[in-house]
Amino acid sequence: MTIRILLRRAMPICLAAFAFVGAAAEQIKVATPAKGLFELPIVIAMRNRYFTSEDLEIQKIQIQPAIAVRALISGEVHFNLDWEASVQAAASGVPIKVVTALVSRPMHVLVARPEIRSGRDLKGRTLGVDSFSSTTDYLSRVVARYLGVEPEKQISIVEIGNSADRLMALKAGDIHATAIDLAIAVKAQEEGFKPLLHIGDIIDIPMFGLSVTTANLSMHRERIKKFMRATLRGVRFINRNRSETVRIIQSYLKITPSQAGKSYDAAIRSFTENGLISDRSLSISVRRVRPELQFANDSLLTQVADWSVLREIMAERRKIPFWLKQYDP
């Protein structure tokens, strides 16, 4: 029997084996509030096939934060990336928990029209936010006070909509400043607008992470661990591979190489190294969504977050020889 005949007979078996492997991949749906730099750990884990190595197939779905929480509870999605909505729901008794922090500080820049050169120039002007009581609104008020301007009294705050709408309003002169995503801020700067402040420099509050239902945490712990393990590989890749990450940012956000490089350099300090944050940072998040609380006690923090799977992954990684880690981030 010739080699060619043997190969021809073996091919259907090989194809069947590959089909079986493909069918074994578990379908995972991830809710994301928007397209942006904060998604990079997931995007890189998808592109580098880190999820595939864990037998997972990922579908990212853009959903408004409040709706994403409901989708998480109903089982329509398995993970939610929006931090604040998840913390707010968990602090209110909804059975979900944050299990990993991906972005530990804001990836926003307060951008102003060219005539605004300092915080003092904002007095009597208008600041645009997406919607009142949103994260952008909260951060905008924090940065205004930091710059010596009292919101509502010395500066008007108006609802405009998403980042693209706010940037258009800034160009038209309808508003004088707004807090926008780093990558958009880089593009705005090249168009002549002035970055007044990187908000992550003045406030240490988590912005994005992974949340799951307590039921899934109990019944599908191994699946959650696989997803988190692949995602954290994406985080390590970002921290260790600037040039390749810049290329991915450029491709994903459809920006120039220069803009991608500047976005990376500004964003890199916002990503966590291992997905863990301090109780202080978590407490700030809880007080942000529950302002009536003077402090967040240990029981409330435990109600909101569960770091047990993350600690298991960290313990497993400590056992990997140093020489092997450099080949497998």
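Reading the values: rules and limits
Each chain has its residues counted from 1, running along the sequence as written. Whole-chain, interface and lining totals are the exception, using all residues; otherwise, since this is a predicted model, local features are given only for residues with pLDDT of at least 70 and side-chain atom pairs are given and counted only at 80 or more. With hydrogens and water set aside, each side-chain value is computed from the structure's full complement of heavy atoms. Throughout this description, the term nonpolar core refers to a set of buried Ala, Val, Leu, Ile, Met, Phe, Trp, Tyr and Cys residues connected via side-chain atoms within 4.5 Å. For every residue, the accessible area obtained with a 1.4 Å probe (protein chains only) is divided by the maximum for its type, and the residue is called buried under 20%, exposed over 50%, and partly exposed between those limits. Secondary structure is summarised from DSSP: a helix means a run of H or I of at least four residues, a strand means a run of E of at least two, and numbering begins at the N terminus for each. In this description, contact between two residues means that some pair of their heavy atoms is separated by no more than 4.5 Å. For two strands to count as paired, DSSP must find a minimum of two bridges between them. For salt bridges, the criterion is a side-chain nitrogen of Lys or Arg within 4 Å of an Asp or Glu carboxyl oxygen. Note on method: axes are straight lines fitted to C-alpha atoms, helices fitted across the in-contact stretch only, with angles between N-to-C directions ranging 0 to 180 degrees.

Undergrad: Even after reading the chapter, I still don't get the nonpolar core, so can you show me in this structure?
TA: Inside soluble globular proteins, nonpolar side chains tend to come together where they are buried. Membership of the largest hydrophobic core comes to 104 residues, with the highest contact counts inside it found for L37, L210 and F227. With eight residues, helix α9 (residues 221–240) is the largest single contributor of residues to this core. Not counting residues within four places of it along the chain, the set of residues in contact with L210 comprises I42, F79, N80, L81, K97, V98, V99, T100, L102, F227, M228 and T231.

Undergrad: Sorry if this is basic, but what is going on with the environment of F237 here?
TA: Tracing the backbone shows F237 in helix α9. Residues F237 and I44, spaced 193 residues apart in sequence, show a C-alpha to C-alpha distance of 7.9 Å. Filtering out sequence-adjacent residues up to four positions away, F237 remains in contact with I44, N48, Y50, E244, T245 and I248.

Undergrad: Help me understand the pairing of strand β8 (residues 177–181), please; the structure alone is not making it clear to me.
TA: Within a regular beta strand, the side chains point alternately toward one face of the sheet and then the other, so they alternate between its two faces. The buried fraction of β8 is high, at five of five residues. Sheet analysis places strand β5 (residues 108–112) next to β8, joined by five bridges and oriented antiparallel. Following the sheet pairing, A112 is matched in β8 by A177. Here two bridges tie strand β6 (residues 126–129) to β8, and the two strands are oriented parallel to one another. Bridged to L127 within β8 is A177.

Undergrad: Is there a simple way to think about the pattern of salt bridges in this case?
TA: Pairing of side chains with opposite charge becomes possible as their charged atoms draw close. Scanning the model with the defined rule gives 18 salt bridges in all. The salt bridge partner of K171 is E191, with a shortest N-O separation of 3.1 Å. One end of the pair, K171, is in helix α6 (residues 163–172); the other, E191, is in the loop between α7 (182–190) and β9 (194–198), with 20 residues separating them in the sequence. Judged by relative accessible area, which is 44%, K171 ranks as partly exposed.

Undergrad: How do you make sense of the sheet that holds strand β1 (residues 26–32) when you look at a structure like this?
TA: Within a sheet, adjacent strands bond to each other through the backbone by hydrogen bonds, running parallel or antiparallel. A sheet is described by the order of its strands in space; here five strands give the open sequence β2-β1-β3-β10-β4, paired in mixed fashion. Looking along the sheet, the strands with just one partner apiece sit at the ends: β2 (56–62) and β4 (96–103). When the angles between neighbouring strand axes are averaged without regard to direction, this sheet yields 25°. In this structure, strand β3 (residues 79–82) lies alongside strand β10 (residues 208–213), joined through two bridges in antiparallel fashion. Residue pairing across strands places N80 opposite S211, the latter belonging to β10. Where helix α4 (residues 83–91) meets the sheet, its contacts fall on β3, β4 and β10, and the angle it forms with β4 comes to roughly 155°. Each of β1, β2, β3, β4 and β10 is contacted by α9, which is oriented at about 15° to β4, the strand it contacts most.

Don't take any of this as a statement about function, it's just geometry.
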